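Residue-level structural notes
Read off the chains here:
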Amino acid sequence: MRLFRWLAVLAAAVAVLQVGGASAQPYPSKPIRLIVPFGPGSGSDILARILAEPLTQALGQPILIENKPGNNTTLGTELVVQSPPDGYTLGLLTNSGLAASPGGLTSGVRYDPVKDLTYITLVASVNYVLLVNNDVPAKTAGELVALIKANPGKYNYASGNTGGIAYGGYFKNAHKLDMTHVPYKSTPPALADLISGHVQIMVADVPASLAMIRAGKVRPVGVPAAKRYLLLPDVPTFAESGLATPPVMDGWWALVAPAGTPDAIQDRLNREFVKVLENDAIRTRLLDSALVPTPSTRQQVVAYQKDQLQVWTTMVKDLNLKLE
């Protein structure tokens, strides 16, 4: 570990020379890897692909998206942690790997999200929706609770990310439901099994599931929020079907880099990402995909991550949530 830290410091010193040296090439001078800790078609992947083209134009180098799903995003997060702090490997990471998993949701986390990463900007946030297979005879979240209680052990529920795990776990625990959790590495394969009937219930993020909902391939029965969503105006809230509103466990993304990445590189990336996220055309594309842009300063994202780590640590314990 001491050798790794020494090499990281050396790499950072080299990166500083690349940014500030008179004879060195300015950053960036080669393609940038963007680690996405979920598979193709996920909300993370949709977000990355909307941002990649304008960022490529702004930075003058290609943004190469690498999908690295696994272990509730800790696999992709570790790849960023272990990369040289030179600005050429970034992570479009989520609350899964930055707050929930290190907060106790996932076992075996081998990094410290505060010490091993540096935070460049908040990027976006996302809502969730409770879905069922079309053969499930329930039209609201309240009807689904009654159905599961009348048929203990018959139903199972899928998850493809932290929000799905958290909201699904809350739904099961709060209403004392006898159903089985089936975790997936990413949302699209979980949705595919929901459509086919291999699983019957799922809490999914809206960006990844919106097309399937609009095509009638799955049925939304409730949103775990205080009010209805603009993109799903006909789907009632939990409260409207007689259930308590769950704690807010919605997802968020941050742009991160390995600890030790030079300030000059972080500042450049923050400026360019914030400009893209504030662009009217890009904002419209994101909002149409149920992604809410949330650009921030470097200081704001650092404070937000630390706060969320505390929130998720408490929530995992209080709601008895665990993904082994």
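Residues numbered from 1 in each chain as written. Predicted model: local features only at pLDDT ≥ 70, side-chain atom pairs only at ≥ 80, totals over all residues. Heavy atoms only, no water.

A few words now on the layout of surface pockets. As a volume, the largest pocket reaches approximately 370 Å³. Forming the walls of the largest pocket are 17 residues, and the residues nearest its centre are Asn 127, Arg 228, Tyr 229, Leu 230 and Val 292. Looking at the lining of the largest pocket residue by residue, the class counts come to 13 nonpolar, one polar and three charged. (1 Å grid on protein atoms, 1.4 Å probe; cavity = no way out; pocket = protein on both sides within 12 Å on 5 of 7 lines; lining within 4 Å. Points joined across faces, edges and corners; volume = space filled by probe spheres on them. Nonpolar A, V, L, I, M, F, W, Y, C, P; charged D, E, K, R; others polar.)

According to the stated counting rule, one finds four aromatic pairs in the structure shown. Ring geometry for Trp 252 against Tyr 304: centres 5.2 Å apart, planes inclined by 80°, an arrangement best described as edge-to-face. Placement of Trp 252 in strand 10 (residues 251–258) and of Tyr 304 in helix 11 (residues 298–318) is noted, with a sequence separation of 52 residues between them. The exposure class of Tyr 304 is partly exposed, given its relative accessible area of 31%. Cation over ring: Lys 30 sits above Tyr 88, and NZ or CZ is 4.7 Å from the ring centre. (Phe/Tyr/Trp six-rings, centres within 6.5 Å; stacked < 30°, edge-to-face > 60°. Helix = DSSP H or I, 4+ residues; strand = E, 2+ residues; numbered from the N terminus. Buried < 20%, exposed > 50% of the residue type's maximum accessible area, 1.4 Å probe, protein only. Lys NZ or Arg CZ within 6 Å of the ring centre and 35° of its normal.)

Moving on, we come to helix 3 (residues 74–81). For helix 3, the tally of buried residues reaches six of eight residues, placing the bulk of the element in the interior. Within the sequence span of helix 3, burial applies to Thr 74, Gly 76, Thr 77, Glu 78, Val 80 and Val 81.

Our focus in this paragraph is the nonpolar core. Of all hydrophobic cores here, the largest spans 78 residues; its most connected members are Leu 47, Leu 51, Val 123, Leu 130, Leu 144, Phe 171 and Ile 201. For Leu 47, the residues in contact, after removing those within four places along its chain, are Leu 92, Val 123, Ala 124, Trp 253, Leu 286 and Leu 291. Core analysis: the second largest hydrophobic core is formed by 19 residues, Val 129, Val 199, Val 206 and Leu 232 among them. (Core = buried A, V, L, I, M, F, W, Y, C linked by side-chain atoms within 4.5 Å. Contact = heavy atoms within 4.5 Å.)

As a working rule, side chains carrying opposite charge can pair if their charged atoms are close by. On inspection of all chains with the given rule, the structure shows seven salt bridges. Among the ionic pairs, Glu 78 bridges to Arg 110, the shortest N-O distance being 2.8 Å. One end of the pair, Glu 78, is in helix 3; the other, Arg 110, is in the loop between helix 4 (95–105) and strand 4 (117–126), and 32 residues separate them in sequence. A salt bridge links Asp 263 to Arg 298, with the shortest nitrogen-to-oxygen separation between them at 2.9 Å. Of this pair, Asp 263 sits in helix 9 (residues 263–278) while Arg 298 sits in helix 11, and the two are 35 residues apart along the sequence. (Salt bridge = Lys/Arg side-chain N within 4 Å of Asp/Glu carboxyl O.)

Here we come to empty space enclosed by the protein. Counted according to the given criterion, the structure contains one cavity of 30 Å³ or more. Volume-wise, the largest cavity comes out at about 100 Å³. In terms of lining residues, the largest cavity is bounded by 15 residues, among which Phe 38, Ser 44, Tyr 128, Asn 161 and Trp 253 are the most central. Of the residues assigned to the lining of the largest cavity, the class counts are five nonpolar, nine polar and one charged.

All right, on to the confidence of the model for the protein chain then. Per-residue pLDDT for the protein chain averages 92, and the proportion of residues at 70 or more is 92%. Overall, residues 1–7 carries pLDDT values under 50, and its contacts beyond four positions in sequence, including any with other chains, amount to three contacts. Scored below 50 in pLDDT, residues 13–23 shows 14 contacts in the model against residues more than four places distant or in partner chains. (pLDDT = per-residue confidence, 0-100.)

So, on to the side chain of Thr 121. As for its position among the elements, Thr 121 is in strand 4. Judged by relative accessible area, Thr 121 falls into the buried class, the value being 0%. Among the polar contacts made by the side chain of Thr 121, one reaches the main-chain amide nitrogen of Ser 296 at a distance of 3.1 Å. (Polar contact = N/O pair within 3.5 Å; in protein donor to acceptor, adjacent residues only side chain to side chain.)

Quick reminder: α-helices carry 3.6 residues per turn. Residues three or four places apart thus point the same way. What helix 7 (residues 187–196) keeps buried is the set Thr 187, Ala 190, Leu 191 and Leu 194. On an axial view of helix 7, the arc spanned by its buried residues comes to 100°, and they lie on one face. Those residues of helix 7 that are buried lie in contact with strand 5 (128–132), strand 6 (156–159), strand 8 (201–205) and helix 8 (206–214). Residue Gly 197 follows helix 7 closely and has a positive phi angle near 95°. (Arc of directions from axis to C-beta.)

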